[in-house]
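# Structural characterization, general
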Amino acid sequence: MQNWINSKKYFSEAKKVIPGGVNSPVRAYVAVGGEPLFIERAKGAYIYDVDGNKYIDYVLSWGPMILGHSNETVLKAVSKAMKKGTSFGAPTKKEVELAKLITEIYPSIEKVRLVSSGTEAAMSAIRLARGYTGREKIIKFEGCYHGHFDSLLVKAGSGAATFGVPSSKGVTKGIAQDTITLPFNDIEKTEEVIRRERENLACVILEPVPANMGVVLPKDNFLKRLRQVTSENNVLLIFDEVITGFRVALGGAQEVFGVKPDLTVLGKIIGGGFPIGAFGGRAEIMDELSPDGPVYQAGTLSGNPVAVSAGIATIKELMEKDTYEKLDKITGELVTGLSKIIVKTNHEAVINRIGSLFTIFFSDKNEIYDYNDVSSCDLKKFAEFFQGMLAHGIYLAPSQFEANFVSTKHSSVDINKTIEAFEHTLRREKKTY
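Every chain's residues receive numbers from 1 upward, in the order its sequence appears when written. The model is predicted, so local features are restricted to residues of pLDDT at least 70 and side-chain atom pairs to those at 80 or more, both for listing and for counting; the totals for chains, interfaces and linings are taken over all residues. Hydrogens and water are ignored here; the side-chain numbers use all heavy atoms of the structure.

## A few points about the packing of aromatic side chains
Heads up, the condition is: Side-chain rings of Phe, Tyr and Trp, where Trp is taken by its six-membered ring, are said to pair if the distance between their centres is within 6.5 Å; with planes under 30 degrees apart they count as stacked, over 60 as edge-to-face, and otherwise as tilted. Placement of a charge over a ring requires the Lys NZ or Arg CZ to be within 6 Å of the ring centre, with the centre-to-atom vector within 35 degrees of the ring normal.
Throughout the structure, instances matching the rule amount to twelve aromatic pairs. Ring pairing ties together the aromatic residues Phe-362, Phe-382, Phe-385 and Phe-422, which thus form one cluster. Its guanidinium or amino end placed over the ring of Tyr-46, Lys-54 lies 4.2 Å from that ring's centre, counting from NZ or CZ. When the ring centre of Tyr-369 is taken as origin, the NZ or CZ atom of Lys-219, which lies over that ring, is 5.1 Å away.

The structure is reproduced here in structure tokens:
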């Protein structure tokens with residue numbers, strides 16, 4: 001069992017100077033109870049907290065550490081870049097190299113603009129879509145998260161098409177009303193609204209595989225029909241692949257499902273864990289950006305040489321033969337093992353998985369397809385499960401509404417330890433329930 005004396009002390013100090021004691025809300029463990037771990041270091045598939053406890057890590061900095069923590073090739077590239085300077089605010093050869101890599105791997109991206117975060121990339125892509133089309137309204141889907149900027153912090157109405165209602169104070173009703181929220185995987189409702197609003201609609205933005213309400217898979221042909229109806233009505237389609245890009249496949253979800261969006265939003269992995277984001281698409285759309293066009297977007301740290309160098313090193317390793325086959329194999333072993341334990345212990349739970357992404361939903365439903373399904377999950381049971389796994393040295397995402405990730409450094413030993421902890425935790429919790 002773990003001892004968290006120092007983490008508790010640091011969290012107490014943090015709350016005095018940082019709102020909620022954390023710099024991103026999910027880190028506060030509000031959804032699972034208890035207090036957050038403070039991390040000291042990480043290597044490979046493991047993280048170590050300030051109390052010296054070791055954990056098998058399935059958060060992986062929320063996805064980008066696909067090669068594991070402190071990857072030697074990435075660290076070497078970063079060290080080399082830092083010796084030349086950490087920031088210039090001017091063009092470098094490395095940012096061109098990263099841009100070329102992205103455009104070579106993603107056929108839908110003819111030109112790409114580097115930024116400093118996924119939020120900034122999504123915000124800029126929507127501004128570009130509005131500037132290019134001359135229209136103001138956008139469609140998003142319930143449960144799809146695209147960053148914390150105003151247009152998309154919008155709450156959906158009970159499973160039907162609604163004009164936005166702000167879900168955060170500080171977001172004005174005027175901004176929110178330009179956002180139409182629809183239920184994910186409901187293509188009939190989506191087609192109806194696109195046709196009705198096409199004269200005012202700039203774009204449809206979605207995570208092709210939502211991972212911010214837990215992993216939810218698109219139904220058969222949902223993405224292909226969405227591509228068809230947006231094209232027919234001259235509405236831009238934006239894939240937010242901040243999570244899925246370079247993660248579910250080298251070419252992201254658009255490679256897996258064979259759907260080509262007009263614009264793509266990327267982040268996390270393309271910086272090897274450093275702060276970075278990007279958005280790109282057809283040249284005629286991207287050429288609307290300043291300095292060539294009238295849509296303004298800028299950033300001092302865009303194309304930061306250290307982040308770019310880490311990204312290039314990461315992507316080149318991911319391009320090595322069999323990388324994704326190995327990831328798929330080890331993740332498959334994990335999910336198969338966990339699924340067997342769910343049946344063996346007679347729990348009501350379902351696991352959604354694509355590539356090296358997975359979420360365990362505590363639900364009596366056989367399938368989880370949208371935000372309503374996710375919202376009906378047993379959050380109390382998940383919180384108790386999370387704490388049980390943490391006590392056994394397994395670090396999972398501290399929310400039912402998040403994805404878990406596997407890296408190339410996770411071994412069969414790690415997988416077996418995780419499955420054993422899973423069975424022990426479920427058997428213990430079964431007595432509680």
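Next comes the rest of the account.
## Concerning the packing of helix H2 (residues 72–84) against helix H10 (residues 305–318)
Quick reminder of the rule: Here an axis means a line fitted to C-alpha atoms, over the contact stretch when the element is a helix, while the angle between two N-to-C directions is reported on a 0 to 180 degree scale. Helical segments are the DSSP runs of H or I of at least four residues, strand segments are the runs of E of at least two, and each set is numbered from the N terminus. Any angle from 65 to 115 degrees is called roughly perpendicular, while one under 35 is roughly parallel, one over 145 is roughly antiparallel, and all others are oblique. By the definition used in this description, the sense in which the near helix is turned from the far one sets the handedness, with an anticlockwise turn below a right angle giving left-handed and a clockwise turn giving right-handed. In this analysis, two residues are considered to be in contact whenever any of their non-hydrogen atoms come within 4.5 Å of each other. Residues are grouped as follows: nonpolar covers Ala, Val, Leu, Ile, Met, Phe, Trp, Tyr, Cys and Pro; charged covers Asp, Glu, Lys and Arg; every other residue, Gly included, is treated as polar.
Relative to each other, H2 and H10 sit at 150°, their axes nearing to 8 Å. When the axis of H2 is compared with that of H10, the two are roughly antiparallel. Regarding H2 and H10, the two cross each other, and that crossing is right-handed. Contacts between H2 and H10 involve Thr-73, Val-74, Ala-77, Val-78, Ala-81 and Met-82 from the former and Pro-305, Val-306, Ser-309, Ala-310, Ala-313, Thr-314 and Glu-317 from the latter. When its residues are assigned to classes, the contact of H2 with H10 shows nine nonpolar, three polar and one charged.

## Regarding the pairing of strand E3 (residues 54–57)
Remember that side chains alternate between the two faces of the sheet whenever the strand is regular. Heads up, the rule is: Between any two strands, at least two bridges found by DSSP are needed for them to pair.
For strand E2 (residues 46–49) and E3, the ladder comprises three bridges, and the chain directions are antiparallel. Looking across to E3, one finds that Ile-47 is bridged to Tyr-55. The hairpin formed by E2 and E3 contains four residues between the paired strands, and Gly-52 there has a positive phi angle of roughly 85°. Across two bridges, the pairing between E3 and strand E16 (residues 394–395) is parallel. If you follow Asp-57 over to E16, its bridge partner there is Tyr-395.

## Describing the side chain of Asn-404
Which entries qualify depends on this criterion: Whenever a nitrogen or oxygen atom comes within 3.5 Å of another N or O atom, the pair is scored as a polar contact, on the condition that within protein one atom can donate a hydrogen and the other can accept it, and that pairs from neighbouring residues in sequence are kept only if both atoms are in side chains.
Mapped onto the fold, Asn-404 is located in strand E17 (residues 404–405). A polar contact of 2.9 Å, which involves the side chain of Asn-404, links it to the backbone nitrogen of Ala-397. For Asn-404, the residues in contact, after removing those within four places along its chain, are Tyr-58, Ser-356, Leu-357, Phe-358, Thr-359, Leu-396 and Ala-397.

## Overview of unusual backbone geometry
The cut-off we apply is this: Note on exposure labels: buried denotes an accessible area under 20% of the residue type's maximum, exposed denotes more than 50%, and partly exposed covers the range between, all computed with a 1.4 Å probe on protein chains only.
Note that the residue after Ser-290, namely Pro-291, is joined by a cis bond; omega there is 10°. Structurally, Pro-291 is set in the loop between helix H9 (283–286) and H10. Of note in this structure, Ser-70 is not a glycine but carries a positive phi near 55°. Relative to the helices and strands, Ser-70 is located in the loop between E3 and H2. Residue classification places Ser-70 among the partly exposed residues on the basis of a relative accessible area of 25%.

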